[in-house]
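The lines below spell out each chain.
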Amino acid sequence: MSWGGSFTQNYVNPENLVQAEQEYDAFMDLYQRIMTTCRNKCIPPHYHEPDLHKGESVCIDRCVFKYGAVQKLLGKKMDEQAANNMGNIGSSGGGIPSTL
């Protein structure tokens, strides 16, 4: 039984590739912002031990959780706003002026 031919893909849809790259960039940007914000907030600039203290670990856990919660809330608000905008366009006749 050969595994080589059954799971190969010869063609990648360029639109999917562009979308995947954008999602990757957005995720890496979010990750970098979380790391920078939580590190600056929870870990002192001059530390003497290689491991985190319990307080620092708890602070980082809470910081990451709160950052994620805020991002989720913002995503919901943006989705609602986009849906409202689409609803407003649909209720005004599609936004295309009539020439008749």
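A. Representation of the overall build of the protein in the model. Along the protein, the regular secondary structure elements total two helices and zero strands. For the protein, buried positions account for 6% of its 100 residues. For the protein, the accessible surface area stands at approximately 9,200 Å², while carbon and sulfur atoms represent 59% of it.

B. Region of interest: the state of the cysteines. One pass over the full model with this rule turns up two disulfides. Each sulfur of the disulfide joining C38 and C63 lies 2.0 Å from the other. Disulfide C38-C63: torsion about the S-S bond near -85°, hence left-handed. Residue C38 is found in helix α1 (residues 14-42), and its partner C63 is found in helix α2 (residues 54-91); the two are separated by 25 residues along the sequence. Relative accessible area serves as the criterion here: at 3%, C38 is assigned to the buried category. Here C42 pairs with C59 through a disulfide, and the sulfurs are 2.0 Å apart. Between C42 and C59, the S-S torsion sits near -70°, and that sign places the bridge as left-handed. Of this pair, C42 sits in helix α1 while C59 sits in helix α2, and the two are 17 residues apart along the sequence. Looking at C59, the relative accessible area reads 22%, which means it is partly exposed.

C. α1, seen in detail. Over its 29 residues, α1 runs 42 Å from end to end, which matches the ideal 42 Å to within 8%, given 1.5 Å per residue. Every buried residue belonging to α1 is among I34, C38 and C42, and all of these are buried.

D. Layout of the environment of I43. Looking at the element boundaries, I43 is found in the loop between α1 and α2. Residue I43 is classed as partly exposed on the basis of its relative accessible area, which comes to 21%. The sequence separation of I43 and E56 amounts to 13 residues, and the corresponding C-alpha distance is 6.2 Å.

E. The arrangement of the nonpolar core in detail. In this structure, I34, C38, C42, C63 and Y67 together form the largest nonpolar core, which totals five residues. Of all the elements in the fold, those that place two or more residues in this core are α1 and α2. Looking at this core, the element that brings in the most residues is α1, giving three residues. Excluding its chain neighbours within four sequence positions, the residues that come into contact with C63 are C38, K41 and C42.

Scoring rules and cut-offs
- Residues numbered from 1 in each chain as written.
- Predicted model: local features only at pLDDT ≥ 70, side-chain atom pairs only at ≥ 80, totals over all residues.
- Heavy atoms only, no water.
- Helix = DSSP H or I, 4+ residues; strand = E, 2+ residues; numbered from the N terminus.
- Buried < 20%, exposed > 50% of the residue type's maximum accessible area, 1.4 Å probe, protein only.
- Areas by Shrake-Rupley, 256 points an atom, 1.4 Å probe, with all protein chains shown as cover.
- Disulfide = S-S within 2.5 Å.
- Expected span 1.5 Å × (residues − 1).
- Core = buried A, V, L, I, M, F, W, Y, C linked by side-chain atoms within 4.5 Å.
- Contact = heavy atoms within 4.5 Å.

Read these as geometric descriptors, not functional statements.
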